[in-house]
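Given next are the chains, with one letter for each unit.
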Amino acid sequence: MKFKIPTIVKSHFEKKKEVLLIMEGTYPYNTGGVSTWAHSLCQKLDDFDFTLYSINGNFETKLKYNLSDNVKNIIQVPLWSLEEPQSYIHYGKEYYKVVRKKEQTSDIVVAEKFVPIFKRLVVSVLNETYKISDIDAIFKDMWQFFQQYDYETTMKNKYIWQVFKDVIHDFSIKQKTVHISLQDITIGMRWFFHFLLPISIDIPKKDISHITLSGFPVIPALILNYKYNTPIVVTEHGVYIRERLIAISASDYSYFLKDLLIKFSECITRLVYYKADKILSVNKFNKTWEVMYGADPAKIEVIYNGIDHNEFKPRPKPKHLQNVPTVVAAARIFELKDIITMIKSCAVVKREISNVKYIIYGNKDAVPEYTEKCEALIIEMGLQDNFVLAGFHDQPHLIYSEGDISILTSISEGFPYTVIESMSCGVPVVSTDVGGVTEAIDESTGFVCKPKDHEDIGEKVIKLLKDEKLRNLMGENSRKKVLENFTIKTFTDAYAHVYKSMTTKKDIRIVGRPQNREVKNHSLT
């Protein structure tokens, strides 16, 4: 009797793999580097379907992007709205089940079942007495509790408030020197309520969870991991915990609140790295921070951002600016972009080039009080004719041709799109040395300066504006470097490979055996 050699046949009707892309304050409701990255990912990876999980401060209604056909759904979670999101957003759960969960959440249930879990979390965070596997277990216990009981009713229960006060009181006795007010305790409890809120929201099954920062947005990824063993991918842009440390340290919070928020943020960052199957960094710089917070180096891979070099290409300078020494920037007006230093550098340049013009394109409404501070400094330094906050530009590929050079003065970045976009347009960049900037800019393509050093930044701007030959040479080298390293195809091919390696269940058919059985391969790729 002769047997046929088995033939593996792939189904023509194989369903696309589904990705939950989890973001905070960015795509698709706000613009910026992470949003550009996410939009490129969704547009170009058409072999995958995406559900966008958008965590925002308040409920957003206006999309800033035209979404591609493979974006199938948006789950929006407004963390800081006055009402719990479930009260006005439908998350796929029938109303009677929502009501039943509230009815089941009694004082006794909260006291006996949830208080011990919550106490373990707060004690662990405050005293930093945890193994990261213990934090993982706590989050799993919380998720299992909220499968049956109501989040708001639980977290606003008197027993939760009491145990939170008790733990902080015990902590204050140990610390002795730390003054903790009732206002501090109230704010701290509000943080726990809002940051943990996504743990109460159900999510449909997906093949991959992809987080765009190593912070609290890990929670929906944890839910899918606990429920379906869904793998977790995290892309580190700017290092989340580094930027949190900068922001918290500069805040007006009390010492206790700063300490609490730093400890809670660090705890979550360690949890992200512990749970992630793959940690993708947009630069090499991030790896030091990731390893410092417990990331396994074997999980880490660098995938540089990429841009469409056919869209971002050299163009003639507009006629109205041809005789004006012009510096352009694309930057949201907020603290991390350090527009204050940019304004001061303009004053340095004006000393030698009186008609210099800085044109800054970017959202002025992100942090209104910071925008007001920038506008006041422009007036104070007499730069009204030299420095323009031009607002949002809906065609970013046209920004860079307006300038002889471009500028970036951030105090923290990942691998900034504005740098490689400008380089692709043949416009050299003067930038601060942050994140992966030096992995794009070298001595043949632009200048890199220390953050906040407005004098050095200004001097480098002067050098490029005065030396046309050097400027043109750096522009040509910049364009060439982008074509060789930072194209959209290189970027999307790398992510497609990672996604395919994460999707482990593949249906195959074995043809030729007498039983003609279907066999499923569950091996880990």
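Shown above is the structure to which this text applies.
Keep in mind that this is a model prediction, so the values were computed, not measured. (Residues numbered from 1 in each chain as written. Predicted model: local features only at pLDDT ≥ 70, side-chain atom pairs only at ≥ 80, totals over all residues. Heavy atoms only, no water.)

**Observations concerning unusual backbone geometry**
Right, on to step 1. The residue after Tyr27, namely Pro28, is reached through a cis peptide bond having omega 0°.
Right, on to step 2. With respect to the element layout, Pro28 can be found in the loop between β2 (17-24) and α1 (33-44).
Right, on to step 3. Here Glu128, not a glycine, exhibits a phi torsion of approximately 50°, which is positive.
Right, on to step 4. Summarising the element assignment, Glu128 is placed in the loop between α3 (107-127) and α4 (132-146).
Right, on to step 5. Of note in the backbone geometry, Asp338 takes a positive phi value of approximately 45° without being a glycine.
Right, on to step 6. Here Asp338 falls in the buried class, since its relative accessible area comes to 4%. (Helix = DSSP H or I, 4+ residues; strand = E, 2+ residues; numbered from the N terminus. Buried < 20%, exposed > 50% of the residue type's maximum accessible area, 1.4 Å probe, protein only.)

**Focus: the nonpolar core**
Right, on to step 1. Core analysis: the biggest nonpolar cluster contains 83 residues, and Phe118, Phe139 and Leu196 have the highest contact counts within it.
Right, on to step 2. If you tally residues by element for this core, the top one is helix α10 (residues 255-275), at 11 residues.
Right, on to step 3. Apart from residues no more than four positions distant in its own chain, Phe139 is found in contact with Leu121, Leu196, Ile199, Ile219, Leu222, Tyr226, Ile268 and Leu271.
Right, on to step 4. Of all hydrophobic cores here, the second largest spans 51 residues; its members include Leu45, Ile307, Val434 and Val437. (Core = buried A, V, L, I, M, F, W, Y, C linked by side-chain atoms within 4.5 Å. Contact = heavy atoms within 4.5 Å.)

**Things to note about empty space enclosed by the protein**
Right, on to step 1. Under the counting rule described, the total for this entry stands at 1 cavity of 30 Å³ or more.
Right, on to step 2. Surrounding the largest cavity, Val328, Ala329, Ala330, Tyr400, Ser406, Ile407, Leu408, Thr418, Val419 and Val429 form its lining.
Right, on to step 3. Among the secondary structure elements, those contributing two or more residues to the lining of the largest cavity are β9 (326-330), β12 (405-408) and α14 (417-424).
Right, on to step 4. Here the residues of the lining of the largest cavity are counted per class, giving 8 nonpolar, 2 polar and no charged. (1 Å grid on protein atoms, 1.4 Å probe; cavity = no way out; pocket = protein on both sides within 12 Å on 5 of 7 lines; lining within 4 Å. Points joined across faces, edges and corners; volume = space filled by probe spheres on them. Nonpolar A, V, L, I, M, F, W, Y, C, P; charged D, E, K, R; others polar.)

**Regarding the sheet that holds strand β4 (residues 71-78)**
Right, on to step 1. Reading across the sheet, the 7 strands line up as β4-β3-β2-β5-β6-β7-β8 and stay open at both edges, with parallel pairing between neighbours. Every other strand in the sheet has two partners, leaving β4 and β8 (300-302) as the edge strands with one partner each. Between one strand and the next, the sheet's axes are offset by a mean angle of 20°, whatever the strand orientation.
Right, on to step 2. With 3 bridges connecting them, strand β5 (residues 208-211) and strand β6 (residues 232-236) associate as parallel partners. Residue pairing for β6: Ser209 is matched across the bridge by Ile232. (Pairing = 2+ DSSP bridges. Axes fitted to C-alpha atoms, helices over the stretch in contact; angles between N-to-C directions.)

**Quick notes on a negative patch on the surface**
Right, on to step 1. Negative charge collects at one region of the surface, where Glu335, Glu369, Glu372 and Glu375 lie side by side.
Right, on to step 2. Note that Glu375 resides in helix α13 (residues 368-380). (Patch = residues over 30% accessible without salt bridge, like charges linked within 9 Å, V, L, I, M, F, W, Y side chains within 5 Å. Areas by Shrake-Rupley, 256 points an atom, 1.4 Å probe, with all protein chains shown as cover. Salt bridge = Lys/Arg side-chain N within 4 Å of Asp/Glu carboxyl O. Lys, Arg positive; Asp, Glu negative; His and termini not counted. Charge placed at Lys NZ, Arg CZ, Asp CG, Glu CD.)

**Concerning the packing of aromatic side chains**
Right, on to step 1. A complete count under the given rule lists 29 aromatic pairs for this structure.
Right, on to step 2. Between the aromatic rings of Phe195 and Phe264, the centroid separation amounts to 6.3 Å while the plane-to-plane angle is 65°, which identifies the pairing as edge-to-face. With Phe195 in helix α7 (residues 182-195) and Phe264 in helix α10, the pair connects residues that are 69 residues apart, well separated along the chain.
Right, on to step 3. Residue classification places Phe264 among the buried positions, given a relative accessible area of 1%.
Right, on to step 4. An angle of 65° between the planes, with centres 5.1 Å apart, marks the rings of Phe491 and Tyr495 as edge-to-face. Within this pair, Phe491 and its partner Tyr495 are both found in helix α17 (residues 488-502), separated by 4 residues, close to a single helical turn.
Right, on to step 5. Judged by relative accessible area, Phe491 falls into the buried class, the value being 0%. (Phe/Tyr/Trp six-rings, centres within 6.5 Å; stacked < 30°, edge-to-face > 60°.)

**Points about the side chain of Thr31**
Right, on to step 1. Secondary-structure assignment places Thr31 in the loop between β2 and α1.
Right, on to step 2. Apart from residues no more than four positions distant in its own chain, Thr31 is found in contact with Lys64, Tyr65, Arg332 and Phe392.

**A short note on helix α9 (residues 240-249)**
Right, on to step 1. Among all positions of α9, only Tyr240, Ile241, Arg242 and Ile248 are buried.
Right, on to step 2. In this structure, the buried side of α9 is in contact with β6, α10 and α11 (286-292).

**Focus: the side chain of Ser422**
Right, on to step 1. By the element assignment, Ser422 lies in helix α14.
Right, on to step 2. Contact partners of Ser422, with chain neighbours within four places excluded, come to Tyr400, Ser406, Val427, Pro428 and Val429.

**Considerations on the sheet that holds β12**
Right, on to step 1. Here we have 6 strands laid out as an open sheet, ordered β11-β10-β9-β12-β13-β14, and parallel in their pairing. Only two strands of the sheet have a single neighbouring strand rather than two, namely β11 (387-391) and β14 (446-449). Geometrically, the sheet is characterised by an average inter-axis angle of 20° between neighbouring strands, direction not taken into account.
Right, on to step 2. Pairing between β9 and strand β10 (residues 357-361): 5 bridges, direction parallel. Bridge pairing in β10 links Val328 to Ile359.

**Quick notes on the pattern of salt bridges**
Right, on to step 1. Enumeration according to the criterion identifies 20 salt bridges in this entry.
Right, on to step 2. Two residues, Asp136 and Lys275, come together in a salt bridge whose shortest N-O distance is 3.3 Å. Placement of the pair is Asp136 in helix α4 and Lys275 in helix α10, with a sequence separation of 139 residues.
Right, on to step 3. A salt bridge links Glu152 to Lys156; the shortest N-O distance between them is 2.8 Å.
Right, on to step 4. With a relative accessible area of 21%, Glu152 lands in the partly exposed category.
Right, on to step 5. Judged by its relative accessible area of 55%, Lys156 falls in the exposed class.

**Some remarks on the packing of helix α8 (residues 218-228) against α10**
Right, on to step 1. Packing of α8 against α10 leaves a shortest axis separation of 11 Å and a crossing angle of 40°. The angle between the axes of α8 and α10 places the two elements in the oblique class. Taken as a pair, α8 and α10 cross one another with a handedness that is left-handed. Between α8 and α10, the contacting residues are Val218, Leu222, Asn225 and Tyr226 on the first element and Ile268, Leu271, Val272 and Lys275 on the second. (Parallel < 35°, antiparallel > 145°, perpendicular 65-115°, else oblique. Left-handed = near helix turned anticlockwise from the far one by under 90°.)

**With respect to the pairing of β2**
Right, on to step 1. Where burial is concerned, most of β2 is hidden: 7 out of the 8 residues are buried.
Right, on to step 2. Across 8 bridges, the pairing between β2 and strand β3 (residues 48-56) is parallel. Within β3, the residue paired with Leu21 across the bridge is Leu52.
Right, on to step 3. Taken together, β2, α1 and β3 form a β-α-β motif whose crossover is right-handed.
Right, on to step 4. Bridge count between β2 and β5: 4 bridges; the pairing is parallel. From the neighbouring strand, Val19 faces β5, where its bridge partner is Ile208. (Right-handed = clockwise from strand over helix to strand, strands pointing away.)

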